[in-house]
Amino acid sequence: MRIIIRCYRVHMSLKYAVLAALLEGEASGYELAKAFDVSLANFWPATPQQLYRELERLAQDGLIEARVVQQERRPNKRMFTLTEAGREDLSSFAVTPPRRPTAVRDELLVKIQALDAGDPEAARALIEERRTWARGKLDRYERLRERLLDGRSEDEYLVGADRIGPYLTLMGGIAFEEGNLRWCEQALALLRRRTAVG
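Residues numbered from 1 in each chain as written. Predicted model: local features only at pLDDT ≥ 70, side-chain atom pairs only at ≥ 80, totals over all residues. Heavy atoms only, no water.

J.: Explain the overall build of the chain to me, please; I cannot follow it from the model alone.
T.: Regarding its fold elements, the chain presents eight helices and three strands. Written out in order from the N terminus, the α and β elements of the chain read α-β-α-α-β-β-α-α-α-α-α. Over its C-alpha atoms the chain spans a radius of gyration of 21 Å, topping by over 25% the 16 Å that the globule rule assigns to 198 residues. The proportion of buried residues among the 198 residues of the chain is 29%. Nonlocal contacts in the chain, meaning residues at least 24 apart in sequence, comprise 61% of its contacts between residues at least 6 apart. The average position of the 32 basic charges and that of the 30 acidic charges among the side chains of the chain differ by 6 Å. (Helix = DSSP H or I, 4+ residues; strand = E, 2+ residues; numbered from the N terminus. Rg over C-alpha atoms; globule rule 2.2 N^0.38 Å. Buried < 20%, exposed > 50% of the residue type's maximum accessible area, 1.4 Å probe, protein only. Contact = heavy atoms within 4.5 Å. Lys, Arg positive; Asp, Glu negative; His and termini not counted. Charge placed at Lys NZ, Arg CZ, Asp CG, Glu CD.)

J.: Looking at this structure, I do not really get a nonpolar patch on the surface. What am I missing?
T.: A cluster of nonpolar side chains, namely Leu-158, Ile-164 and Leu-168, defines an oily patch on the protein surface of about 240 Å² accessible area. Structurally, Leu-158 can be placed in helix H7 (residues 154–160). (Patch = residues over 30% accessible without salt bridge, like charges linked within 9 Å, V, L, I, M, F, W, Y side chains within 5 Å. Areas by Shrake-Rupley, 256 points an atom, 1.4 Å probe, with all protein chains shown as cover. Salt bridge = Lys/Arg side-chain N within 4 Å of Asp/Glu carboxyl O.)

J.: What should I look at first to understand helix H6 (residues 120–149) in this one?
T.: Residues that lie three or four places apart on an α-helix share one face, since the helix turns once every 3.6 residues. The end-to-end C-alpha distance of H6, which contains 30 residues, comes to 43 Å, matching closely the 44 Å that a straight helix rising 1.5 Å per residue would cover. Within the sequence span of H6, burial applies to Ala-123, Arg-124, Ile-127, Arg-130, Arg-131, Ala-134, Lys-137, Leu-138, Tyr-141, Leu-144, Arg-145 and Leu-149. If you follow the buried residues of H6, they end up packed against helix H2 (29–38), helix H5 (107–115), H7 and helix H8 (165–197). In the stretch just after H6, Asp-150 is the one whose phi turns positive, near 50 degrees. (Expected span 1.5 Å × (residues − 1).)

J.: Sorry, what's going on with the packing of aromatic side chains here?
T.: Between two aromatic rings, the relevant description is the distance of the centres plus the angle of the planes. Scanning the entire structure with this criterion turns up two aromatic pairs. Aromatic side chains Tyr-16 and Phe-93 sit 3.9 Å apart centroid to centroid with 5 degrees between the ring planes, which places their arrangement in the stacked category. Of this pair, Tyr-16 sits in helix H1 (residues 14–21) while Phe-93 sits in helix H4 (residues 84–94), and the two are 77 residues apart along the sequence. Residue classification places Tyr-16 among the buried positions, given a relative accessible area of 16%. Note on Tyr-157 and Tyr-167: the rings are 5.1 Å apart at their centroids and 40 degrees apart in plane angle, and the pair reads as tilted. Taken together, the residues span a long stretch of sequence, with Tyr-157 in helix H7 and Tyr-167 in helix H8 at a distance of ten residues. (Phe/Tyr/Trp six-rings, centres within 6.5 Å; stacked < 30°, edge-to-face > 60°.)

J.: Teacher, can you tell me more about the sheet that holds strand S2 (residues 64–69) here?
T.: As a general point, the strands of a sheet are linked pairwise by backbone hydrogen bonds and lie either parallel or antiparallel. Taken together, three strands build an open sheet; the order of strands is S1-S3-S2 and the sheet is antiparallel. With partners counted over all chains shown, the strands left at the sheet margins are strand S1 (27–28) and S2, one partner each. With six bridges connecting them, S2 and strand S3 (residues 77–82) associate as antiparallel partners. Residue Ile-64 lies in a different strand from S3, and its bridge partner there is Leu-82. (Pairing = 2+ DSSP bridges.)

J.: In this structure, what is going on with H2? I would like to understand it.
T.: Of the positions making up H2, those classed as buried are Gly-29, Leu-32, Ala-33 and Phe-36. Projected down its long axis, H2 carries its buried residues within an arc of 100 degrees, all on one side. In H2, those exposed residues whose orientation departs by more than 90 degrees from the buried face are Tyr-30 and Lys-34. Against the buried residues of H2 lie H1, S1, helix H3 (48–60) and S3. (Arc of directions from axis to C-beta.)

J.: Where do I start with the pattern of salt bridges in this structure?
T.: Close approach of charged atoms allows side chains of opposite charge to pair. What the rule picks out here adds up to 14 salt bridges. Across the pair Arg-131 and Glu-185 runs a salt bridge, and its minimum N-O distance is 3.4 Å. Note that Arg-131 is positioned in helix H6 and Glu-185 in helix H8, a separation of 54 residues in sequence. Taking the relative accessible area as the measure of exposure, Glu-185 reaches 30% and is therefore partly exposed. We note a salt bridge from Glu-185 to Arg-135, for which the minimum N-O separation is 3.2 Å. Taken together, the residues span a long stretch of sequence, with Glu-185 in helix H8 and Arg-135 in helix H6 at a distance of 50 residues.

J.: Any chance you could explain the side chain of Thr-83 here in plain terms?
T.: Turning to its location among the elements, Thr-83 is positioned in the loop between S3 and H4. Residue Thr-83 is classed as buried on the basis of its relative accessible area of 11%. Within polar-contact distance, the side chain of Thr-83 engages the backbone oxygen of Leu-63 at 3.0 Å. At a separation of 3.1 Å, a polar atom in the side chain of Thr-83 contacts the main-chain amide nitrogen of Gly-86. For Thr-83, the residues in contact, after removing those within four places along its chain, are Gly-62, Leu-63, Ile-64 and Glu-65. (Polar contact = N/O pair within 3.5 Å; in protein donor to acceptor, adjacent residues only side chain to side chain.)

Below is the structure:
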């Protein structure tokens, strides 16, 4: 059997994730890196190095502005804001349908497919590690949800918040990790059944 694997270029760049993050208001590179680590990691992860390179490109393209804030006893910091051109570019991007649905590309699944028959214990250990990771992320997302709600009910938040995009994307991240957790539990149960039968 011949398997053909095609590699597709990612159509959405980090550019739009950065522009969307700046909708929350002016931020330093450090604050944006923290936002990517905490609130955007559920749908668009980026390293600080990637983020700083993208900020430079966006400033050169006139999509964001940077101003320097003088600080005593600390290095000066640059604060970034969206320009009108950046808002227009982001708005245009936001209403354009994605070119294709997201496809799963998961290294763990390739490993499980390769290990299954040969080493069920190794497969079990990898799945348990994924389960621990998913639980940790769910805990982190729940803390973020509580911060966003800030003591309000979900209905109160949805009626009163200026923007609901961050909440909707957080719900997507929570659903994704809940799906990961369900798959881990099902896969571990099936491995236990297989061991019991064999």
